[in-house]
Each structure stands twice: as C-alpha cells, then as structure tokens.
Amino acid sequence: MTQDPLTPYGNRPMVTPIVNAVNYEYGSFEVLRQITDGEIDGYTYHRDDNPTVRAVEKAIASMEGAEDCVVCTTGMAACTMVYLTYLSAGDHLILFHDIYGAHYKMSLILEKLGVQITWLDASRSDTIGEHIRDNTRMIFCETPTNPLCKVVDIAALHREADRAGALLIVDNTFATPYHQKPLSLGTDLVVHSATKGLGGHNDLMAGAIAGSKDRYNDLWFTRQAIGTTLDAYSASLLERGLKTFEMRAEKMSANAMAMAEYLAEHPKVPRVCYPGLKTDPGHEVAVRQMHDGFGGVLAFDVGEEQEDAKRFINELKGLLHAVSLGATESLICIPYLTTMLYMPEERRTSFGVKKNTVRLSAGIERPELLLEDLEKALEKV
Ligand SMILES: Cc1ncc(COP(=O)(O)O)c(C=O)c1O
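Just so you know, the residues in each chain are numbered from 1, in the order the chain's sequence is written. Totals for whole chains, interfaces and linings use all residues, but because this is a predicted model, local features are given only for residues with pLDDT of at least 70 and pairs of side-chain atoms are given and counted only at 80 or more.

S.K.: Can you help me understand helix H3 (residues 75-86) in this one?
M.R.: One turn of an α-helix holds 3.6 residues; hence residues three or four places apart share an orientation. Helix length check: H3, at 12 residues, gives a terminal C-alpha distance of 17 Å against a target of 16 Å (1.5 Å per residue), a fit within 8%. Within H3, 10 of the 12 residues are buried, leaving the element largely enclosed by the surrounding structure. Elements are defined by DSSP. Helices are runs of H or I of four residues or more, strands are runs of E of two residues or more, and each kind is numbered from the N terminus. Expected helix span is given by 1.5 Å per residue-to-residue step, counting one fewer step than there are residues. Counting other C-beta atoms within 10 Å of each residue's C-beta, where C-beta atoms are placed from the backbone, gives the exposure class: buried for 20 or more, exposed for 12 or fewer, partly exposed between.

This is the structure we're talking about:
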C-alpha cells in the first residue's frame, strides 16, 4: 500500500504543508465530480483552491465567527472582490472618507463601471439615513477608521442597511477580530488586509473576506474568475502569524493605550485620536462594540506644522518611519505624505487629517522603551 507522503504513519505535521502545486491529479472521475459539485473540499487548480490557503481560510473564519472565509492576494484585492461581486451599473454605494486611501482610486474605477457613490465623514455616520436611496446596495466602512481612528456604530449602521436592503461590509483591519467581531453585530461581510495584524511580521501580503457559506460561494466565484488566489508560501507565513495573533493583538493594544495616555498629556501634542481614551468622541461606542482593548493604532498631531511632525519622526530611534500597521515593530508615518497620497490634495484634509497628523501603529516592544523614544523625540520639536 502506498503511504500518503504528508502523513506516512498517520501522524499529522504540526504545520500545514506548503503545497506549491498548480494542478492536482484526480483520484477518479467520481472524485472529480464531487470536487466540481462542491461536495468535498478537493483540489484541481491553484486559481480555484489550495490546501495551504484553505487551512488559513478556516482559521480566519473561526476567529471572526464566520461560516467561511475567502483569502486572496492583498487587502485591496479583497475589497475589490467585494465590490465586483455585489455591485452592478446603476447601484448606489455609500463609502466613508475615512477609509484606506486606495479606495478613492477604486471608486473612480467603480464610477466608470456605472456605480453611483456617496462619500460620508465617519463622524457623521448617524446621518446615513439621509443618504440612502432606493438603489443603495452597499455600505462599506472601517471602524476604527484609517487614520483618525473614528468609531462607527456598526449595529446602528446595520439597522439602516437592513432597512434599505443593502449589504453592510466592515473592514476589520484596525480593530482585528481580537477586539471586534462585526458579524455578531449584523455585518454581512468582514474584510481584512491580512498584511497587517493577522500576518503581523511585515513579510507577507494577503486579504481575507469572512461571512456566510453563501457569500463564500459568491466570492469564490469572483476569485476564480479574476485570479486573486493567494500563493501557498504567503498562506503558510500567514498561518504562522495567526498562531501568535492573540498575544500580539493584546500587547499592541496595551502599548497603544500607554502611548495614547502619555501623548494626551503632552504640551506639544494638540490632539490624540484613540478610542481607548475616555475623552475620545468614539469612546462610548467603542466600549459597546469592542472588547479587551481598542486596537494597536492611534493618530496624533505634532506641534503646529508638518515640519514639526517631520522633525519628531526624524528624531525617533526605536519607532520606525514606515507605512503599514499591525506589525511586531512600532511603525509611524505622516498619512498626508504616504497612505493618503492616492487622494487629490484638497481631499486629504477634508475630514480631519492635518499635514502634521501622524499615524502610529504600536508593535510588541517593551512599553517603557516606546515612551522614552516618544519623550526624547518630542523634546526636539
Ligand atoms: C484598513 C485597511 N484596509 C485595507 C488596506 C489595503 O490592504 P493591502 O495593502 O493589503 O492591499 C489597508 C492598507 O493599509 C488598510 O489599512
């Protein structure tokens, strides 16, 4: 009898093997039928499915309390798959200014395809009812938002979406499933840039969309059509990241809280945006819909001008000047000059971001080292 090379004596490897195969030999025509009819999770071709990717999908689905999950090449690929799957020409989409900058580019593509778009400030999400139309098909939001960490009331948005017969999609990248479970609050789909906290080590790009089995089937159809399937090696790195995710999320959020509290008292920091602060406008809703902390990202203004923020960042020794977030290292950047470059200049400051606003993603370092770094750099402002 030939042995299965992955489990020669029935002992399962501790890590899901990286299966780099493009295609798979069918055991029989009956197996081929079962796979193509969706009766079994079998494999035919990498663009369709891959066992290493599938293992990660199941792990993320479980973290989000979802029936299933589709993993893909990047966070923006995940968002794009959601748009392409559920929007058609003539549909109306509500987006918030306070979402990751590349959505602006995506909105130009969607408008070219005939989708109508309304943009709202996340701090005015309570007015969404006034913007809903007969053809509103989708509301897409982040909470906390990027980069100002505004908090959107997911349950309230769900009530409005439900009334309109629209889908509610929440990008849970900033909060992570450790702190927030949007599906339990009525969201139809949760989207992630798994490049961030889920992966966590600045070494992979991936996206994830979690929801019901029916939605999995819809999104799987799109992924197979457009070919945004993640490679097995990145899936393996993501699986490794997920193993320490909860521990990292807890530490990132504790570090973010410590830095937010310190900065909130600092005379050279006129504004701190972090939902964990009792004075933050989003605190009350955040307490209701988040748990075990408020996430690892905060934003704050440094001094009066962009030069102050630049001087501050240049003086930092431990916090690293880079984009991205949710990593083991603390990362800091000026959104106006980086993540928001995708937007026209006048749009970048229209919803509260300033030229001297910095976004800080807490890592898992010792908090006293982070606070010392902030203190010394602020002395130079
Ligand atoms: C909240 C959020 N969503 C989506 C994305 C896009 O993810 P990716 O860079 O993996 O495409 C980002 C990227 O920074 C993000 O911050």
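Picking up after the structure, the text goes on.
S.K.: It is not clear to me how the site of the ligand should be interpreted in this structure. Could you clarify?
M.R.: Residues in contact with the ligand amount to 13 residues; listed here are only the nearest, Thr74, Gly75, Met76, Ser193 and Thr195. For the shell around the ligand, the class distribution of residues is four nonpolar, seven polar and two charged. Near, for a residue, is defined by distance from a backbone-placed C-beta atom to a molecule or strand, with 6 Å as the limit that must not be exceeded. Polarity classes work like this: nonpolar for Ala, Val, Leu, Ile, Met, Phe, Trp, Tyr, Cys and Pro, charged for Asp, Glu, Lys and Arg, and polar for all others, with Gly in that last group.

S.K.: Can you walk me through helix H7 (residues 213-226) in this structure?
M.R.: Helix length check: H7, at 14 residues, gives a terminal C-alpha distance of 20 Å against a target of 20 Å (1.5 Å per residue), a fit within 8%. Among all positions in H7, only Arg215, Tyr216, Leu219, Trp220 and Arg223 are buried. Within H7, the buried residues cover an arc of 135° as seen down the axis, which keeps them to one side. For H7, the exposed residues set more than 90 degrees away from the buried face come down to Asp214, Asn217 and Ala225. The reported arc concerns the directions from the helix axis to the C-beta atoms and nothing else.

S.K.: Sorry, what's going on with the nonpolar core here?
M.R.: Side chains that are nonpolar tend, in soluble globular proteins, to be buried together. In this structure, Ile60, Val71, Val82, Ile209, Ala210 and Leu298 are the most contacted members of the largest nonpolar core, which totals 111 residues. The split of the chain into domains comes from an automatic or database domain assignment. Residue-level mapping places this core at the junction of two domains, with at least three residues from each of domain 1 (29-243) and domain 2 (245-379). Here contacts are defined at the residue level, using C-beta atoms placed from the backbone and a cut-off of 7 Å between them. Discounting chain neighbours no more than four positions away, the residues touching valine 82 are Ile169, Leu189, Val191 and Ile209. Residues of type Ala, Val, Leu, Ile, Met, Phe, Trp, Tyr and Cys that are buried and joined through C-beta atoms within 7 Å form what is called a nonpolar core.

S.K.: How do you make sense of the domain arrangement of the protein chain when you look at a structure like this?
M.R.: It is common to give the size of an interface as the accessible area that goes away when the parts come together. By the assigned domains, the protein chain splits into domain 1 (29-243) and domain 2 (245-379). Here domain 1 and domain 2 have C-alpha centroids that lie 25 Å from each other. The interface of domain 1 with domain 2 comprises 34 residues on the first partner and 41 residues on the second. Breaking the side of domain 1 that touches domain 2 down by element, the ones donating at least two residues are helix H4 (102-112), helix H5 (154-164), helix H6 (176-179) and helix H8 (232-243).

S.K.: Would you take a moment to explain the packing of helix H9 (residues 245-264) against helix H13 (residues 367-379) for this structure?
M.R.: A pair of packed helices can be characterised by two numbers: the angle between their axes and the separation between those axes. Close contact between H9 and H13 brings their axes to 10 Å; oriented N to C, the two are set at 30°. Pair H9 / H13 crosses with right-handed handedness. In this structure, H9 uses Asn255, Ala258, Met259, Tyr262 and Leu263 to contact H13, whose residues at the interface are Pro367, Leu370, Leu371 and Leu374. Tallied by class, residues from the contact of H9 with H13 come to eight nonpolar, one polar and no charged. Note on geometry: axes are C-alpha line fits, over the in-contact stretch for helices, and angles between N-to-C directions span 0 to 180 degrees. Less than a right angle of anticlockwise turn of the near helix away from the far helix marks a crossing as left-handed, whereas a clockwise turn marks it as right-handed.

S.K.: Would you mind showing me how to read the packing of H3 against H7 here?
M.R.: Running from N to C, H3 and H7 cross one another at 105°; their axes reach a closest spacing of 9 Å. The angle between H3 and H7 falls in the class roughly perpendicular. Residues Met81, Leu84 and Thr85 of H3 pack against Asp218, Leu219, Thr222 and Arg223 of H7. Among the residues forming the contact of H3 with H7, the class breakdown is three nonpolar, two polar and two charged. Roughly parallel here means an angle under 35 degrees, roughly antiparallel means over 145, roughly perpendicular means 65 to 115, and every remaining angle is called oblique.

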